[in-house]
Amino acid sequence: MSNTTGYGAIEVHQDHANDGDHPLQRRVKFPSSSTSNKCNIDDLFTQPWVKVLTTLALIVIMVISPNYHKLTSAHDLEPSSEKGHDENQELFYEDQLVNHFDKTDTSTWSNRYYKSINYFEGPGHPIFLIVGGEGALDHGMLYPFVTQHLAPHFGAAVIEVEHRFYGPYQPIMGRDATVAQLVTLLTPQQAMADMVQLAKAFKDELGCSIYDRSSENYCPIVTVGGSYPGFLSAMFRVAYPDFVDISYASSAPLKLYDQTADQTVYYDIVTKAAEHRSEGCADAVRSTLEEVKELIAEASSVKEAVADANMCLDTLPEYITTLKTYSDDLMMAIAFSFADYDMEAYPPSEELGLYKACQVFQDDSTGPMDKVANFFRLMEGDIEEEEGYPGLAAEESRDCFDISIFLPDGNNPRITTSDWSGSGGGNDGKMWDFQLCTTLVDPIGFSEESMFPTREWTYEDLAKYCQLRWGKDITPTPFALVTNLGFADLVKTGTSRILFTNGLQDMWSGGSYLEDVSDSILALNFENGAHHSDLSHVGPSENDTEDIREGFVQITDILETWLDEIKEESGN
């Protein structure tokens, strides 16, 4: 039985039984006209002279409009009438299934998405599907390279879908989902099914053939994503090869998720990237943190150690009751904050957070504890961090640093979470923490080569943490995802037309494919690139390095080659 309310369909968008709109059209209600106005308008259109003028106007349009022949159906008419649509206007697909893999559950929810049809040249042209990931999509389209460059080049439409359980619109609203519900509903497979279902409806709206590649109205689907969404983008070609035609996967850590990447590669690359940006940085950070650990160990109390680094005592998480716990979590916070700076370290500049962070530790005029305090003070003034840690943006100006902003929502939160690259704060951090406690496991530890204190990551410690957070019934299953989706050997699965791109200054490149896997599973690497720098939120600009500029051309050429192949194979 349908239980729309129980699964949190958004009330304001719920009443659509009689509106007759396409499910992808956002409902806009206009004030009703007065009865007298309605009568006047009705009377006007009964006048013979109005009928004649209307007929003549239609004839003129038919004769002079070069596009009239395209407006032969509702499908054709609808997108052309929305050419000026604001691509950053949030839209809602109200018929999204809560559970795609339980045929007895017909409950639905409102899935937020965005679309751009400003450059769409009609059925037969491609659709770029931008994959949402572990964060709310509050600001519209993510990648100008797609919407402002690839879309006009290919005459393509673009759709971007928010990942379930991230952002304010969720499959279960009005209350927190239970752990049992999250186990079933918060999975990569459910998220991918959401996006396929929504993309099918979008194809139908545009008048595109959904599956028939031989049809002249077939619109090839090209998935696009960076980081975890890059992983999902690649998985669409593995799991939905009959629906998704091409995958463009930037900074996609498949080898982390299939458990084959070296667990130390992540922070080893962060270390190398910091040294690359500011020579001497790695040694400065390493020696400072060694001294800080010694000073913490020698402190008379946690209170003293916290004050020495200018941390706020009144917001210190309650679980931090020992010097070792404080030291471990402080080192973790510094490490994943450096990693966050590394992800944003493009284009190369001394204005980058990574360079500035290095300068803090390379300042010989300050002591080790002051360097730590100055590092977090830098974070407070850095808007780059506010998206991942909403508590930072909400903080009033204080003389101390509130380390609790790193805590995700939920029971028994910790700074060291299931994701040693950092889960982020708030509800998004909570949902990401849960995903990495179930099937999306990423082994990330610290080697002696990194500039951070050595610390081994183990499955046992992960399981212990996850059960503290989510209960004894939650045990991470690190090989379930690769077994279910079958991405350990992409060639063996017969997968094709995946383009992996990597910035070599990006630590996630250590978990991605850096070499061509086959003739149709390709890899492009950018020496100066950071975390999916080819899919930045700025798009191609005069500040781009030469390797990224060349990359934009290569990416476009590869996609064009594959789209031409699809057209030739279909006989169109």
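Structure's up top.
Residues numbered from 1 in each chain as written. Predicted model: local features only at pLDDT ≥ 70, side-chain atom pairs only at ≥ 80, totals over all residues. Heavy atoms only, no water.

Moving on, we get to the pattern of salt bridges. With the rule as written, the count across this model stands at 14 salt bridges. Of the charged contacts, one joins Arg112 and Glu162 as a salt bridge, the two residues approaching to 2.7 Å between their closest N and O atoms. Here Arg112 is found in strand 2 (residues 108–116), whereas its partner Glu162 is found in the loop between strand 4 (157–161) and helix 5 (179–185), with 50 residues between them in sequence. With relative accessibility at 3%, the residue Arg112 sits in the buried group. Residue Asp328 pairs with Lys324 through a salt bridge whose shortest N-O separation is 2.6 Å. Pair noted here: Asp328 and Lys324 are both in helix 12 (residues 323–343), with a separation of four residues, about one helical turn. On the basis of relative accessibility, which here comes to 59%, the residue Lys324 falls in the exposed class. Several salt bridges converge on common partners, so that one network encompasses Glu90, Arg112, Asp138 and Glu162. (Salt bridge = Lys/Arg side-chain N within 4 Å of Asp/Glu carboxyl O. Helix = DSSP H or I, 4+ residues; strand = E, 2+ residues; numbered from the N terminus. Buried < 20%, exposed > 50% of the residue type's maximum accessible area, 1.4 Å probe, protein only.)

Ordered in space as 1-2-4-3-5-6-7-8, the eight strands form an open sheet in which the pairing is mixed. Strands at the two margins of the open sheet, each flanked by one partner only, are strand 1 (91–97) and strand 8 (521–526). The average angle at which neighbouring strand axes cross in this sheet is 25 degrees, direction not considered. Here four bridges tie strand 3 (residues 127–131) to strand 5 (residues 221–226), and the two strands are oriented parallel to one another. The partner of Leu129 across the bridge, within strand 5, is Thr223. In the packing of helix 4 (residues 144–154) onto the sheet, contacts are made with strand 3, strand 4, strand 5 and strand 6 (246–250), and the angle to strand 3 comes to roughly 165 degrees. In this fold helix 6 (residues 188–206) packs onto strand 1, strand 2, strand 3, strand 4 and strand 5, with an angle of close to 120 degrees to the strand it touches most, strand 1. (Pairing = 2+ DSSP bridges. Axes fitted to C-alpha atoms, helices over the stretch in contact; angles between N-to-C directions. Contact = heavy atoms within 4.5 Å.)

With respect to the element layout, Ser209 can be found in the loop between helix 6 and strand 5. Overall, Ser209 belongs to the buried group, its relative accessible area being 15%. Within polar-contact distance, the side chain of Ser209 engages the backbone nitrogen of Asp212 at 3.2 Å. With sequence-adjacent residues up to four places away left out, Ser209 is seen in contact with Lys203, Ser215, Asn217, Tyr218 and Cys219. (Polar contact = N/O pair within 3.5 Å; in protein donor to acceptor, adjacent residues only side chain to side chain.)

Among the nonpolar cores identified, the biggest contains 126 residues, and Leu330, Ile334, Phe338, Phe376, Phe452 and Phe500 are the most heavily contacted of them. Tallying contributions element by element places helix 12 first for this core, with eleven residues. For Phe376, the residues in contact, after removing those within four places along its chain, are Met311, Leu330, Ala333, Ile334, Phe401 and Phe406. With 33 residues, the next largest nonpolar core counts Val222, Leu522, Leu559 and Leu563 among its residues. (Core = buried A, V, L, I, M, F, W, Y, C linked by side-chain atoms within 4.5 Å.)

We describe a pair of aromatic rings using the distance from one ring centre to the other and the angle between the two ring planes. One pass over the structure, following the stated rule, counts 28 aromatic pairs. Each ring, one from Tyr267 and one from Phe452, has its centre 5.5 Å from the other, and the planes form 75 degrees; the classification is edge-to-face. Separated by 185 residues along the polypeptide, Tyr267 in helix 9 (residues 265–277) and Phe452 in the loop between helix 16 (426–435) and helix 17 (459–470) bring together distant segments of the chain. The exposure class assigned to Tyr267 is buried, which follows from its relative accessible area of 0%. A relative accessible area of 4% means that Phe452 is categorised as buried. The cationic tip of Arg455 hangs over the ring face of Trp420; the distance from NZ or CZ to the ring centre is 4.7 Å. (Phe/Tyr/Trp six-rings, centres within 6.5 Å; stacked < 30°, edge-to-face > 60°. Lys NZ or Arg CZ within 6 Å of the ring centre and 35° of its normal.)

Residue placement: Ala530 occurs in the loop between strand 8 and helix 19 (546–570). Ala530 sits in the buried class, given a relative accessible area of 0%. Along the sequence, Ala530 and Ala345 sit 185 residues apart, while their C-alpha atoms lie 5.8 Å from each other. The residues contacting Ala530, other than those within four sequence positions of it, are Ser251, Asp342, Met343, Ala345, Tyr346, Gly503, Gln505 and Asp506.

Here we take up unusual backbone geometry. Only a minority of non-glycine residues have a phi that is not negative, and only a minority of peptide bonds are not trans. Between Tyr346 and Pro347 the backbone carries a cis peptide bond, its omega angle lying at -5 degrees. Examined against the element boundaries, Pro347 turns out to sit in the loop between helix 12 and helix 13 (353–361). The backbone phi angle of Phe165 is positive, close to 75 degrees, even though this residue is not glycine. Residue Phe165 is classed as buried on the basis of its relative accessible area of 0%. Backbone geometry at Asn412 places phi at a positive 50 degrees, although glycine is not the residue there. Inspection of the secondary structure puts Asn412 in the loop between helix 15 (390–394) and helix 16.

As a further point, take the state of the cysteines. For the structure on display, the rule yields four disulfides. What pairs with Cys281 in a disulfide is Cys358, and their sulfur atoms sit 2.2 Å apart. Handedness here is read from the sign of the S-S torsion; for Cys281 and Cys358, about -85 degrees, the answer is left-handed. Of this pair, Cys281 sits in helix 10 (residues 281–298) while Cys358 sits in helix 13, and the two are 77 residues apart along the sequence. (Disulfide = S-S within 2.5 Å.)

For Tyr267 and Phe338, which are 71 residues apart along the polypeptide, the C-alpha to C-alpha distance reads 9.4 Å. Contacts of Tyr267, omitting those with residues within four sequence positions, involve Ala335, Phe336, Ala339, Trp420, Ser421, Ile444, Gly445, Phe446, Ser450 and Phe452. A polar contact is formed between the side chain of Tyr267 and the backbone oxygen of Trp420, at a distance of 2.6 Å.

This part covers the pairing of strand 3. With five of five residues buried, strand 3 is to be regarded as a mostly interior element. Neither face of strand 3 is exposed, since Ile127, Leu129 and Val131 on one face and Phe128 and Ile130 on the opposite face are all buried. Note that strand 3 and strand 4 share five bridges and pair parallel. Pairing of Ile130 across the sheet is with Glu160, part of strand 4. In terms of handedness, the path from strand 3 via helix 4 over to strand 4 forms a crossover that is right-handed. (Right-handed = clockwise from strand over helix to strand, strands pointing away.)

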